Amino acid sequence: MRITFIGGGNMASALIGGLIQKGFAANDIGVVEITPKSRERLEQQYSIRTYIDLSAEALTCEVVVLAVKPQQLHEVASDMSGLLHHQVVVSIAAGVRAGDLSRWLGNYPLLVRAMPNTPALVMAGITGLYALEGVNQMQRSQAGQVLEAVGEVIWLDDEAKMDGVTAISGSGPAYVFYFIEALQEVALELGFDDATARRLSLGTFLGATRLAIQSEEDTAVLRARVTSKGGTTERAIDAMEAAGIKASIKQAVLAAAERSRELGDQLGNK
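All figures in this text were calculated on a predicted structure; none of them were measured in a lab.

Trainee: How should the environment of His86 be read in this particular structure?
Mentor: Mapped onto the elements, His86 comes out in the loop between helix 3 (70-80) and strand 5 (88-91). Overall, His86 belongs to the partly exposed group, its relative accessible area being 44%. A sequence separation of 52 residues divides His86 from Met138, and the C-alpha atoms of the two residues are 12 Å apart. Filtering out sequence-adjacent residues up to four positions away, His86 remains in contact with Cys61, Tyr108, Leu110 and Gln139. At 3.1 Å, the side chain of His86 and the backbone oxygen of Cys61 are in polar contact.

Here you go:
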């Protein structure tokens, strides 16, 4: 399977590195990137092919991954319109709906929309995928292989659910970092130095996440098991409940999903 990336930024670089780690041949991967320094970095780091612009040679592939900023996608898609024939196009641009991108590509039907998240940079991502009806099973598999190179994938049967994926897993790392940030700050207030505060906070999140992944029990059960009657954890949970922390988190995620819908409307209005 030959793959061409349009754009060679951080996420594209992570995907390329993951693909090569999974055994894909470097000479089957190409990148169209206008910045000379970025082309040089990609060539040196991965020994892949690079191109300065779209060409028949660059698009001689089975999969095209659109890895440009959402605001650039309309222009890139317009330039590509008429140049595609059989390739499955995978877009990782946040917010741009598959129908709008298909229209910009001249009503091209072989399109998969993907929403990866930043843990993909360390091969621990999770990606939501949605395919237009024209994409066959083999092409879905090809698209899935690209994103599976950096973590798990979840296929969606309704593109509207992509707003939920964006709100939960796309934006989700920021919520986790926000909580870790709070733990580190209070650790400093409790007298720990920076390094120890960081180790305690990150180690707690890592360990709790591993425990939740490996356990067959619901996270609510795991939480209750730590919360002894009359103990320190119960006092902390009671304080969070009194402050409406869980309700605020839910409200925040719903706000992110609403913003995702708004961005889809804005970006698609071209």
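Read on for the rest.
Trainee: Which parts of the structure should I look at to understand the side chain of Ser91?
Mentor: Take Ser91: it is sitting in strand 5. At 3.3 Å, the side chain of Ser91 and the backbone nitrogen of Ala93 are in polar contact. Ignoring any residue separated from it by four or fewer positions in sequence, one finds Ser91 in contact with Leu66, Leu73, Leu101, Val112, Arg113 and Ala114.

Trainee: Quick question: what am I supposed to make of the packing of aromatic side chains here?
Mentor: Here the distance between the centres and the angle between the planes together describe a pair of aromatic rings. The final tally for this structure, using the stated rule, is 1 aromatic pair. Directly above the aromatic system of Trp155 lies the positively charged group of Arg140, at a separation of 4.2 Å from the ring centroid.

Trainee: Please clarify how the packing of helix 1 (residues 10-21) against helix 2 (residues 36-46) should be interpreted in this entry.
Mentor: Working note: a packed helix pair is described by the angle between its axes plus the distance between those axes. At their nearest, the axes of helix 1 and helix 2 sit 11 Å apart, and the two run at 15 degrees to each other. Of the possible angle classes, the one that applies to helix 1 and helix 2 is roughly parallel. The element helix 1 and its partner helix 2 pack so that their crossing is right-handed. Contacts between helix 1 and helix 2 pair Ser13, Ile16, Gly17 and Ile20 from the former with Arg41, Leu42, Gln45 and Tyr46 from the latter. The class makeup of the residues in the contact of helix 1 with helix 2 is 4 nonpolar, 3 polar and 1 charged.

Trainee: I keep staring at the environment of Leu42 and nothing clicks. Help me out?
Mentor: Here Leu42 is to be found in helix 2. The contact partners of Leu42, leaving out residues within four places of it in the chain, are Gly8, Ser13, Ile16, Val31, Ser47, Ile48 and Thr50.

Trainee: Teacher, can you tell me more about the nonpolar core here?
Mentor: Across soluble globular proteins, nonpolar side chains have a tendency to be buried as a group. Grouped together as the largest cluster of nonpolar side chains are 32 residues, with contacts concentrated most on Phe5 and Val146. Other than its neighbours up to four places away in sequence, Phe5 contacts Ala12, Leu15, Ile16, Leu19, Ile29, Gly30, Val31, Val32, Val65 and Val146. Counting 31 residues, the second largest nonpolar core, distinct from the first, contains Val76, Met80, Leu84 and Tyr108.

Trainee: Looking at this structure, how should I read helix 8 (residues 194-214)?
Mentor: In a regular helix each residue adds 1.5 Å, so 21 residues correspond to 30 Å; helix 8 covers 30 Å between its end C-alpha atoms and thus fits that length. At the N-terminal end of helix 8, a side-chain oxygen is found 3.3 Å from the backbone nitrogen of Ala195, two or three residues along, and the residue is Asp193.

Trainee: For this particular structure, what's the right way to read the sheet that holds strand 7 (residues 125-131)?
Mentor: Pairing is mixed across the open sheet formed by 8 strands, whose spatial order is 3-2-1-4-5-6-7-8. Edge positions in the open sheet fall to strand 3 (49-51) and strand 8 (151-155), since each of these has one partner strand only. Ignoring strand direction, the axes of neighbouring strands in this sheet form an average angle of 25 degrees. Set on the sheet, helix 3 makes contact with strand 1 (3-6), strand 4 (63-66) and strand 5; between it and strand 4 the angle comes to about 155 degrees.

Trainee: Even after reading the chapter, I still don't get the packing of helix 6 (residues 162-170) against helix 11 (residues 245-268), so can you show me in this structure?
Mentor: At a minimum axis distance of 8 Å, the contact between helix 6 and helix 11 shows a crossing angle of 130 degrees. Here helix 6 lies oblique to helix 11, going by the angle between them. Judged by the twist between their axes, the crossing of helix 6 over helix 11 is right-handed. In this structure, helix 6 uses Asp163, Thr166, Ala167 and Ile168 to contact helix 11, whose residues at the interface are Val253, Ala256, Ala257, Ser260 and Arg261. When the residues that make up the contact of helix 6 with helix 11 are grouped by side-chain class, the tally is 5 nonpolar, 2 polar and 2 charged.

Definitions and limits used
- Residues numbered from 1 in each chain as written.
- Predicted model: local features only at pLDDT ≥ 70, side-chain atom pairs only at ≥ 80, totals over all residues.
- Heavy atoms only, no water.
- Helix = DSSP H or I, 4+ residues; strand = E, 2+ residues; numbered from the N terminus.
- Buried < 20%, exposed > 50% of the residue type's maximum accessible area, 1.4 Å probe, protein only.
- Contact = heavy atoms within 4.5 Å.
- Polar contact = N/O pair within 3.5 Å; in protein donor to acceptor, adjacent residues only side chain to side chain.
- Phe/Tyr/Trp six-rings, centres within 6.5 Å; stacked < 30°, edge-to-face > 60°.
- Lys NZ or Arg CZ within 6 Å of the ring centre and 35° of its normal.
- Axes fitted to C-alpha atoms, helices over the stretch in contact; angles between N-to-C directions.
- Parallel < 35°, antiparallel > 145°, perpendicular 65-115°, else oblique.
- Left-handed = near helix turned anticlockwise from the far one by under 90°.
- Nonpolar A, V, L, I, M, F, W, Y, C, P; charged D, E, K, R; others polar.
- Core = buried A, V, L, I, M, F, W, Y, C linked by side-chain atoms within 4.5 Å.
- Expected span 1.5 Å × (residues − 1).
- Pairing = 2+ DSSP bridges.

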